[in-house]
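# Breakdown of the fold
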Amino acid sequence: MNVAGLSRRSLAKLISAFAGARVVTAHGDPTPQLPEQAIYYANHSSHLDFLTIWAALPADLQKRARPVAAKDYWGTGLRKAFAEQIFNAYLVDRHGSSRTRQRASDSGVSPKGQIAGMAEVLAAGDSLIIFPEGTRGDGESIAQFHGGLYKLANRHPEVPVVPVTLANLGRILPKGEVVPVPHLSTVVFCDPLHVAPDEEQPSFLARARRVLVDCLAEHQDTIDHGDDDDAAPALGSPPGGDRP
Amino acid sequence: MSDWGLGLLDSSALKLLGGVVVVLVLASAIAWLLGRRIGPTSTIGNLKQRINAWWLMVALIGAVLAAGETVTILLFLLLSLLALREFITISPTGRGDHKVLVWLVFIIPAVHYWFLWEHWYGMFSVFIPVYAFLFLPARNALAGQTKGFLQRAATIQWALMVCVYAISHAPALLQLPVAMELGREAAEGSSPGDGGATGAHLLLFLLIVVQGSDVLQYVWGKTLGKHPIAPSVSPNKTWEGFIGGVLSATALGAALWWITPFTPLMAALLALISCVMGFAGGLVMSAIKRDRGIKDFGSTIPGHGGIMDRLDSLCFAAPVFFHAVRFFYA
């Protein structure tokens, strides 16, 4: 491994340590078996999201994984250098011209050229990390998905679509905040999906979103404000307080 | 050999650590034998993991004490921050609390530990219970989110008291010998490391007694435990485990009197107080975990859980042990 590779691995370790990121599969296995190439998609609540997924990938997969990041945030100055040089990010113009923006919000479709560009990344054999909500949420709920995920999966049916649930990252660096506060987070790699033959966009997107919604409910530490005390947590086993 | 010394360690501290190593060698040997007789079950795997983690923790404590008071204080600052991270993860805080959490994590612990390092006893004892206590809710009120305000403010202060204030009383023992020998006036503003080997003895005494009590309570509870103390909190904490564990750890403390400035009787009494407080700490943390529906605070220490799962008893024991020693001996 060369110097760049080593420093990438150390950076990945650093990001994982800071985010307190625990990696598991949906079945609780700490060593996920991931496909060579994949479309990773995840819920989005923080600028740390793509860094954390990137950091959680094994070295050989990490080299070929390209996070899709918004040009309006990551496309200038130091951030651009970071995103492109270190993380090999694929920058997209998420708003486009006002006309495409209008169209996008009406139909849930991203501007055309971008899907083509991302499809080229897949055709070249690389993986993508995308956030189909299109923008960061509050960390508790997951917005409706844009259509890009379906279009990519449909164009490249041979590439598995891997749902990744990110829990608690929105609490480390919520939308609008500058200083990240350490919490323990969880990165859950769920079982891969494929577009079924003849499956329509809304059905696939609903299915893909449901995986994240269910998984997040399981792993997110609640951010309630004391008004749902009746909802007693399901408790499998007693606290392990006395295990010296 | 008698005037051998490295950092805060002298030959007596080394003897004590040697004793701990002997116990760990025995524990590792027993685990290995059990593994050969029963086979690689998950219980044996977990037991080995835990013993290996003990080896690391003992090596770490020995290393930082050899490196001196400053490094030991830095280790406990790091432990406080890791504990704080575990604690706020399970706390019901929201986005409106973010700016307060920045103060809570990045500023207040560092300032508090700096007062500790300065041997500025007055500020060390009042900074968190007075100044941080008043400042944090005020800052949070400015952020404007009122929903669940009292609960959020109380949780944040509680996290700070337990993870930072209480834990910091363990490294504070290192400076106590100055006040014990020269008086409280002279201790104020003395240099880091002035507590010398006696300070390290106090810290090792507390750590061995409290953590030993945890282990012994577990062993007694597993072998004889029948009557749970608080079944709704933790069915594993039994009267048999509590009484057997506390009494045997008290005997252990009395047997270690030679390393402390105490008489055997006083060493037993202080060990008893520390063990009872340690039990209370474990019980309180179990109640919190049960309320939040989690089994462990984290997974930092393999086999043990999170930092808070290991330090729960020390949190409650350290401040009381510190003040008892300061009251009777300084």
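Treat the numbers as computed from the prediction; the structure is a model and nothing was measured.

Our next topic: the overall build of chain B. The number of helices and strands found in chain B is 12 helices and 4 strands. Here the C-alpha atoms of chain B give a radius of gyration of 20 Å, agreeing with the 20 Å that 2.2 N^0.38 yields for 330 residues. When its C-alpha atoms are laid out on the principal axes, chain B stretches across 60 × 50 × 30 Å.

Glancing now at the packing of helix α1 (residues 11–38) of chain B against helix α2 (residues 42–67) of chain B. Residues and elements named next belong to chain B. Where α1 meets α2, the closest approach of the two axes is 10 Å, and the angle between their N-to-C directions is 165°. Judged on the interaxial angle alone, α2 and α1 are roughly antiparallel. At the point where α1 passes α2, the crossing takes the left-handed sense. Contacts between α1 and α2 pair L17, V20, L24, A27, S28, A31, L34, G35 and I38 from the former with I44, L47, K48, I51, W54, W55, V58 and G62 from the latter.

The next point concerns the UniProt feature "transmembrane region" (unreviewed entry) in chain B. Residues and elements named next belong to chain B. This chain's UniProt record puts "transmembrane region" (unreviewed entry) on residues 12–34, 54–79, 100–115, 121–138, 158–180, 200–220, 241–259 and 265–288. Helix makes up 96% of residues 54–79 and strand 0%, with an end-to-end C-alpha separation of 16 Å. Along residues 121–138 the backbone is 100% helical and 0% strand, and the end-to-end C-alpha distance reaches 26 Å.

Okay, the sheet that holds strand β2 (residues 39–42) of chain A next. All names here are of chain A. Taken in spatial order, the 7 strands of this open sheet run β1-β7-β6-β2-β5-β3-β4, and their pairing is mixed. Across the chains shown, the open sheet's two edge strands, defined by having one partner strand only, are β1 (22–25) and β4 (90–92). Ignoring which end each strand starts from, the neighbouring axes of this sheet average 25° apart. In terms of strand pairing, strand β3 (residues 65–70) meets strand β5 (residues 127–130) through 3 bridges, oriented parallel. Its bridge partner being in β5, P67 is matched across the sheet by I129. Against the sheet, helix α2 (residues 48–56) touches β1, β2, β3, β5, β6 (161–167) and β7 (186–189), its axis set at about 175° to β3. Contacting β2, β6 and β7, helix α10 (residues 201–219) crosses the sheet at an angle of about 30° to β6.

Moving on: helix α5 (residues 121–143) of chain B. Structurally, the α-helix is built with 3.6 residues per turn, so residues lying three or four positions apart point the same way. Residue and element names in this part refer to chain B. Spanning 23 residues, α5 covers 33 Å between terminal C-alpha atoms, matching the ideal 33 Å at 1.5 Å per step. Within α5, the axis deviates most sharply at F127, by approximately 60°, and proline P129 lies no more than four positions further along. Residues of α5 that are buried: Y121, F124, F127, I128, A132, L136 and N140. In this structure, the buried side of α5 is in contact with α4 (98–117), α6 (149–172) and α8 (184–187).

Residues and elements named next belong to chain B. Along the chain, A330 falls in the segment after α12 (307–329). We classify A330 as partly exposed; it has 15 C-beta atoms within 10 Å. Through-space distance from the C-alpha of A330 to that of L176 is 8.0 Å; in sequence the pair is 154 residues apart.

Residues and elements named next belong to chain A. Most of β3 sits inside the fold, with 5 of its 6 residues counted as buried. Of the strand pairs in this sheet, β3 and β4 are connected by 3 bridges, and their pairing is parallel. By the bridge assignment, V68 is partnered in β4 with Y90.

Membership of the largest hydrophobic core comes to 151 residues, with the highest contact counts inside it found for I39 of chain A together with I167 and L206 of chain B. Among the elements that make up this core, the one with the highest residue count is helix α9 (residues 196–224) of chain B (13 residues). Excluding its chain neighbours within four sequence positions, the residues that come into contact with L206 of chain B are A170, L173, S274, A317, A318 and F321 of chain B.

Moving on, we come to the environment of V24 of chain A. All names here are of chain A. Within the secondary structure, V24 sits in strand β1. In sequence terms V24 and T186 are 162 residues apart; their C-alpha atoms lie 7.6 Å from each other. If we ignore the near neighbours within four places in the chain, the residues touching V24 are D29, P30, T186 and V188.

Residue and element names in this part refer to chain B. The interhelical angle for the contact between α9 and α12, taken along N-to-C directions, is 140°, at an axis separation of 11 Å. If you check the angle between α9 and α12, you find them oblique. Once α9 is placed against α12, the crossing between them reads as right-handed. Contacts from L202, L206, V210 and D214 in α9 reach S313, L314, A317, A318, F321 and V325 in α12. Of the residues contributing to the contact of α9 with α12, the split by class is 8 nonpolar, 1 polar and 1 charged.

Residues and elements named next belong to chain A. Residues of β2 alternate between two faces, with I39 and Y41 on one and Y40 and A42 on the opposite face, all of them buried. Bridge analysis of β2 against β5 gives 3 bridges, and the strand direction is parallel. Following the sheet pairing, I39 is matched in β5 by L128. Bridge count for β2 against β6 is 4 bridges, and the pairing is parallel. The residue bridging A42 from the neighbouring strand is V164, located in β6.

Rules and cut-offs
- Residues numbered from 1 in each chain as written.
- Chains lettered and ligands numbered in written order.
- Predicted model: local features only at pLDDT ≥ 70, side-chain atom pairs only at ≥ 80, totals over all residues.
- Helix = DSSP H or I, 4+ residues; strand = E, 2+ residues; numbered from the N terminus.
- Rg over C-alpha atoms; globule rule 2.2 N^0.38 Å.
- Axes fitted to C-alpha atoms, helices over the stretch in contact; angles between N-to-C directions.
- Parallel < 35°, antiparallel > 145°, perpendicular 65-115°, else oblique.
- Left-handed = near helix turned anticlockwise from the far one by under 90°.
- Contact = placed C-beta atoms within 7 Å.
- UniProt positions renumbered as here; feature names shortened; annotations may be inferred.
- Pairing = 2+ DSSP bridges.
- Expected span 1.5 Å × (residues − 1).
- Bend = angle between axes of the 7 residues up to and from the residue.
- Buried ≥ 20, exposed ≤ 12 C-beta atoms within 10 Å, placed from the backbone.
- Core = buried A, V, L, I, M, F, W, Y, C linked by C-beta atoms within 7 Å.
- Nonpolar A, V, L, I, M, F, W, Y, C, P; charged D, E, K, R; others polar.

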